[in-house]
Amino acid sequence: MFVARSIAADHKDLIHDVSFDFHGRRMATCSSDQSVKVWDKSESGDWHCTASWKTHSGSVWRVTWAHPEFGQVLASCSFDRTAAVWEEIVGESNDKLRGQSHWVKRTTLVDSRTSVTDVKFAPKHMGLMLATCSADGIVRVYEAPDVMNLSQWSLQHEISCKLSCSCISWNPSSSRAHPPMIAVGSDDSSPNAMAKAQIFEYNENTRKYAKAETLMTVTDPVHDIAFAPNLGRSFHILAIATKDVRIFTLKPVRKELTSSGGPTKFEIHIVAQFDNHNSQVWRVSWNITGTVLASSGDDGCVRLWKANYMDNWKCTGILKGNGSPVSGSSQQGSSNPPLGSNVPNLQNSLNGSSAGRKHS
Amino acid sequence: MEEMHQVAIAAKDPASGRQFSSQVSILSAMELIWNLCEILFIEVAPAGPLLLHLLDWVRLHVCEVDSLSADVLGSENPSKHESFWNLVTVLVLQGRLDEARQMLSREADASPTSAGMCRILGDLMRTMPVLSPGNTQTLTELELKWQHWHEECERHLQDGTFASSPHLESLCKIMLGDEAALLEQKKLLSNWYHFLVTRLLYSHPTVKPMDLYFYAQSSLDLFLGGESSPEPLDNILMAAFEFDIHQVIKECSIALSNWWFVAHLTDLLDHCKLLQSHNLYFGSNMREFLLLEYASGLFAHHSLWQLGVDYFDYCPELGRVSLELHIERIPLSTEQKALKVLRVCEQRQMTEQVRSICKILAMKAVRNNRLGSALSWSIRAKDAAFATLVSDRFLRDYCERGCFSDLDLIDNLGPAMMLSDRLTFLGKYREFHRLYGEKRFVDAASLLLSLMTSQIAPRSFWMTLLTDALPLLEQKQVIFSAEQTYELMRCLEDLTSGKPVCGEPDPQRLQDDDVETTKVEMLRLALARNLARSIIKEGSLEGS
């Protein structure tokens, strides 16, 4: 059972990304109109735009929130080859009365020579860190050593992926058994480029990120990639949005069997593959516990996927982009807890460049 | 449930009335299913008692009888009431033969012509063999007796005893379990499971549990008569009659829109160890799976999340980690809510969550310049680094404004003061001010000195401390001893020696040169004077 609420976004061009904050009460949208808007949810459940400002000199592809332990911080990335970090300033009282807040740019990351296609903050246990990826195939990891000073970021790593990158995802697991991991997806259309999803792992000894795995079976352009939150599993789950929805498990192979000091080897299995969208899938997003995956596609629908207690993945809900239910949706009764609980991670934006749809 | 009924009836507009009514019907359906599961799976009633339980079940859930009964009996002339025969029929259908007999005797009183027939039928009713609880007769005995009784009824029917009263004849046929007669009463039966139970009562009272399904299926088919197809509720009940627990749970999951019912039913069945015995080796996994689903759903609610916590507690494998993930995401709209959430975490030793939540709140407070709040959250988070940061802000505020904010908090730090050096300094510094205010100058002086000599005070603050010492130096009485004065002088020299302390550039010194120089000179003068006086004082005999 879903309830849909439509919000007039007032962006003057395509909306490329939607991101909820940690608690699901704030939302950021970014657009080809070069601006970012921040929305706050009131007690009554209505969304109000509390900030709208020009962030870049080109289309803004993605926007993402930092963990609230670092305050109210956003990062955006753009076609203008930069990524930026923004912080909310507690405003004057008359600002507050008007329900407006003010965001200032803390830093611009200008190292990329090409469009920056994704920006994501690292899990909070790694400190204040973020990664960007660009069309030139380089993933850059930046860190702010002083969390109270958001203007100082240093480039810590440059990871070459050899393919034009479209999306990245940090593994959120904070378990000591798992070193930091980044998954990178590519939408490279050159004929030589084969496997379009790669996993990089941080090596304590070399203090560098090294490639751990390439998902050889993913040969179509990848539009989105997302590690699932880890409930204490020894293995990882990765969702990929490509010409269909795919879910992989990555089981670390025991260290004794691999050459010591090298990156972890993984047993990769595909546990689900769904082409129900019957078109390109643009976004995948996990809920808090990593038990439900949401996907959006060019068919204008959002689909929810869930594994039952036997670990069989099935569709548990279909939602049309305009909020109307889809008739004949299977198992509508076993659909999820109200959308609210998924909301913090549900990115139901439809990528504009291909579908040409506005988020209404 | 009754409240819901009343609300539904009292609803002002049809839409909400409909909504309440539908909720009532969902709840009734749930109760219906639950009770049936109790009878079949938990009581595991054997043949004999099984029918009695099912009769109870039907009586409980098909409750039009009572209102009908009230209507009829409350009227002036019950036996002439238009629904009189309906009432009697329903009573018979539900196996409430004593009550039916009473009705018949009224009819007998009212119309003497049928008195005889009523009496005979009443006798038949009275003599129907039933298995009463505590009865020691075996099933075989019961069956035998019942067979005799059945034949007697049959004889009466054949003899045409009730021929002149269609009502009575129909009742007799019902009591003989005649399907056609029963199906004529579809409206009164209102559903196929009532039909099933009545049918069993009057044709197979010693039905065995394993045969239930067969009768249920045929009852459903006969009742629907090919006119309509089974609804989800029917499928669920059918699965229960089939003793297919898994199917019951599956159908319920599909039909109901939230996990509440299924989670609790599965939990109950698991506690009765039924999931294993029914060959569901994933039984307890399924129980936990459903409970986790239900609890997760509760967390989306602004206050029901507290219930969710309890449910997670009862999930041995993934409950704790699920709770950890969910509880961090609860929006902390008020301080009260934050405290509730923290209490939940602290009770379960979820230290990382406590730290994280406090940190989020501390950060929010710092950005809103509510330093006292920020400090108390840092202390609760045991976050030494952040406590240092907030203490620094306090001290900076003091330097700028000459007074402290949030005195209450700082005064009552207690052992929390030890969290960070800077915090300890803040607390002690405030204590110095208090001592000074209470005119306990000697104590204040010693404290001030110790703050510098013990290295607790940050270097950048020394000038302020020395400046604070000035009034003490210029008191009429000598407060600082010679020893202490030497120490103070040493500190001052350290500070003014010109080399910047590593890591602490002091741009202020360059800017406020004039002010600084004046201050330093005043201090030197005061210290020198104090030294002189203290030497004299200490060199003199006591009492001067």
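Residues numbered from 1 in each chain as written. Chains lettered and ligands numbered in written order. Predicted model: local features only at pLDDT ≥ 70, side-chain atom pairs only at ≥ 80, totals over all residues. Heavy atoms only, no water.

An unreviewed UniProt entry lists chain B under the name Nuclear pore complex protein Nup85, with Camelus ferus as the source organism. Per UniProt, chain B carries the Subunit (unreviewed entry) text "Component of the nuclear pore complex (NPC)." Quoted straight from UniProt, the Function (unreviewed entry) entry for chain B says "Functions as a component of the nuclear pore complex (NPC)." (UniProt positions renumbered as here; feature names shortened; annotations may be inferred.)

If you look chain A up in an unreviewed UniProt entry, it shows as Nucleoporin SEH1 from Camelus ferus. Quoted verbatim from the Sequence similarities (unreviewed entry) field of UniProt, the annotation for chain A is "Belongs to the WD repeat SEC13 family."

In this section: the overall build of chain A. Secondary structure summary: chain A contains two helices and 24 strands in total. With 360 residues in all, chain A has 57% of them scored as buried. (Helix = DSSP H or I, 4+ residues; strand = E, 2+ residues; numbered from the N terminus. Buried < 20%, exposed > 50% of the residue type's maximum accessible area, 1.4 Å probe, protein only.)

The next thing to look at is the overall build of chain B. Along its length, chain B carries 31 helices and zero strands. In terms of its C-alpha atoms, chain B occupies a principal-axis envelope of roughly 140 × 55 × 45 Å. Of all 544 residues assigned to chain B, the portion counted as buried reaches 47%. When the accessible surface of chain B is split by element, carbon and sulfur atoms take 53% of a total near 27,400 Å². Computed over 51 positive and 73 negative side-chain charges, the separation of the two mean positions in chain B equals 10 Å. (Areas by Shrake-Rupley, 256 points an atom, 1.4 Å probe, with all protein chains shown as cover. Lys, Arg positive; Asp, Glu negative; His and termini not counted. Charge placed at Lys NZ, Arg CZ, Asp CG, Glu CD.)

Residue and element names in this part refer to chain B. Secondary-structure assignment places L176 in the loop between α9 (166-175) and α10 (179-184). For L176, a relative accessible area of 8% puts it in the buried group. For the pair L176 and C153, spaced 23 residues apart in sequence, the C-alpha separation works out to 6.9 Å.

It is worth spelling out the UniProt feature "repeat: WD" (unreviewed entry) in chain A at this point. Residues and elements named next belong to chain A. When the UniProt feature table is mapped onto this chain, "repeat: WD" (unreviewed entry) is found at residues 8-40 and 274-306. Helix and strand shares over residues 8-40 are 0% and 55% respectively, and the end C-alpha atoms of the span are 14 Å apart. Summarising residues 274-306: 0% helix, 58% strand, and an end-to-end C-alpha distance of 12 Å.

Quick look at the side chain of A:S78 now. Inspection of the secondary structure assignment puts A:S78 in strand β6 (residues 73-78). Once residues lying within four places of it in the same chain are set aside, the contact partners of A:S78 are A:H56, A:G58, A:S59, A:V60, A:W61, A:S115 and A:V116. (Contact = heavy atoms within 4.5 Å.)

It is worth spelling out the packing of aromatic side chains at this point. How two aromatic rings sit relative to each other is set out by the distance from centre to centre and by the angle between their planes. Across all of its chains, the model carries 28 aromatic pairs over all chains by this definition. Ring geometry for A:W53 against A:W103: centres 5.7 Å apart, planes inclined by 5 degrees, an arrangement best described as stacked. Of this pair, A:W53 sits in strand β4 (residues 47-54) while A:W103 sits in strand β8 (residues 102-109), and the two are 50 residues apart along the sequence. Here the aromatic residues B:Y398, B:F425, B:Y429, B:F432, B:Y436, B:F441 and B:F461 are joined through ring pairs into a cluster of three or more. Above the plane of the ring of A:F235 lies A:R233, whose end atom (NZ or CZ) is 5.5 Å from the centre. The ring of B:W462 carries B:R459 above its face, with NZ or CZ at 4.5 Å from the centroid. (Phe/Tyr/Trp six-rings, centres within 6.5 Å; stacked < 30°, edge-to-face > 60°. Lys NZ or Arg CZ within 6 Å of the ring centre and 35° of its normal.)

Locating B:I536 in the fold gives a position in helix α31 (residues 513-539). Residues B:I536 and B:A482, 54 residues apart in the sequence, show an inter-C-alpha distance of 9.3 Å.

Right, let's talk about the nonpolar core for a bit. Within the largest apolar cluster, 168 residues are counted, with the highest numbers of intra-cluster contacts made by B:W57, B:L121, B:W192, B:F241 and B:Y429. Residue contacts for B:L121: discarding those within four places in its chain leaves B:L104, B:F162, B:L168, B:L171, B:C172 and B:M175. (Core = buried A, V, L, I, M, F, W, Y, C linked by side-chain atoms within 4.5 Å.)

A separate point is the interface of chain B and chain A. Often the size quoted for an interface is simply the accessible area lost on bringing the parts together. Taken residue by residue, the interface counts 38 residues in chain B and 35 residues in chain A. Each partner contributes to the roughly 3,100 Å² buried at the junction of chain B and chain A, and carbon and sulfur atoms together form 63% of this total. On the surface where chain B and chain A come into contact, there are five salt bridges. Per element, the largest residue contribution to the side of chain B that touches chain A is eight residues, and it comes from helix α22 (residues 351-367) of chain B. (Buried area = accessible area lost by both parts, 1.4 Å probe. Salt bridge = Lys/Arg side-chain N within 4 Å of Asp/Glu carboxyl O.)

Moving on, we get to the sheet that holds strand β17 (residues 224-227) of chain A. All names here are of chain A. Spatially, the four strands line up as an open sheet ordered β17-β18-β19-β20, and their pairing is antiparallel. Two strands lie at the open edges of the sheet, namely β17 and β20 (266-274), each paired on one side alone. Ignoring which end each strand starts from, the neighbouring axes of this sheet average 20 degrees apart. As defined by bridge partners, strand β19 (residues 245-252) adjoins β20 across eight bridges and the pair is classed as antiparallel. Across the sheet, R246 pairs through a bridge with Q273, a residue of β20. (Pairing = 2+ DSSP bridges. Axes fitted to C-alpha atoms, helices over the stretch in contact; angles between N-to-C directions.)

Bringing α9(B) into the picture now. The periodicity of an α-helix, 3.6 residues per turn, causes residues three or four positions apart to be oriented the same way. Residues and elements named next belong to chain B. Of all the positions in α9, only L168, S170, L171, C172, I174 and M175 are classed as buried. If you follow the buried residues of α9, they end up packed against α5 (84-93), α6 (97-110), α7 (115-127), α8 (139-159), α10 and α12 (192-203). Remark: G177 follows α9 within two positions and exhibits a positive phi of approximately 75 degrees.

Another aspect to go through is the side chain of B:Q353. Position of B:Q353 relative to the elements: it lies in helix α22. Not counting chain neighbours up to four residues away, the residues in contact with B:Q353 comprise B:E324, B:I327, B:E328 and B:C345.

Residues and elements named next belong to chain B. Where helix α13 (residues 209-224) contacts helix α14 (residues 232-241), the two axes come as close as 8 Å, and the packing angle between them is 155 degrees. In this view, α13 runs roughly antiparallel relative to α14, as classed from their interaxial angle. On α14, the residues touching L212, Y213, A216, Q217 and L220 of α13 are D234, M238 and F241. Class assignment of the residues belonging to the contact of α13 with α14 gives a composition of six nonpolar, one polar and one charged. (Parallel < 35°, antiparallel > 145°, perpendicular 65-115°, else oblique. Nonpolar A, V, L, I, M, F, W, Y, C, P; charged D, E, K, R; others polar.)

Within a beta sheet, neighbouring strands are joined by backbone hydrogen bonds and run either parallel or antiparallel to one another. All names here are of chain A. Taking strand neighbours across the sheet as the criterion, the four strands line up as β1-β2-β3-β4 in an open arrangement whose pairing is antiparallel. The open sheet is flanked by β1 (15-20) and β4, the only strands paired with a single partner. This sheet shows a mean twist of 20 degrees between the axes of neighbouring strands, independent of strand direction. Relative to strand β3 (residues 35-41), strand β2 (residues 26-31) runs antiparallel, the two sharing five bridges. Bridged to R26 within β3 is D40.

So, about the confidence of the model for chain A. Mean pLDDT for chain A: 85, with 85% of residues reaching 70 or above. For the stretch residues 328-360 of chain A, pLDDT sits under 50, and the model shows 94 contacts to residues farther than four places along the chain or on other chains. (pLDDT = per-residue confidence, 0-100.)

On to the pattern of salt bridges, then. For the structure shown, the criterion picks out 42 salt bridges over all chains. A salt bridge links B:E293 to A:K306; the shortest N-O distance between them is 2.5 Å. Of this pair, B:E293 sits in helix α18 (residues 283-298) while A:K306 is found in strand β23 (residues 301-307), placing the two residues in two different chains. Judged by relative accessible area, which is 7%, B:E293 ranks as buried.

Moving on, we come to the pairing of strand β11 (residues 138-143) of chain A. Walk down a regular strand and you will see the side chains alternate between the two sheet faces. Residue and element names in this part refer to chain A. As judged from the five bridges shared by strand β10 (residues 129-134) and β11, these two strands associate in the antiparallel manner. Across the sheet, the residue bridging to M129 is E143, located in β11. With antiparallel pairing between neighbouring strands as the criterion, β10 and β11 make up a hairpin whose turn holds three residues, including G137 at a positive phi of roughly 85 degrees. Here six bridges tie β11 to strand β12 (residues 154-160), and the two strands are oriented antiparallel to one another. Bridge pairing links Y142 to L155 in β12.

Checked against the element boundaries, A:K124 lands in the loop between β9 (116-121) and β10. Placed 95 residues apart in sequence, A:K124 and A:T219 show a C-alpha to C-alpha distance of 32 Å. Ignoring anything within four residues of it in the chain, the contact list for A:K124 reads A:H67, A:E69, A:F70, B:E328, B:E352, B:R355 and B:S356. A polar contact of 3.4 Å, which involves the side chain of A:K124, links it to the side chain of B:E352. (Polar contact = N/O pair within 3.5 Å; in protein donor to acceptor, adjacent residues only side chain to side chain.)

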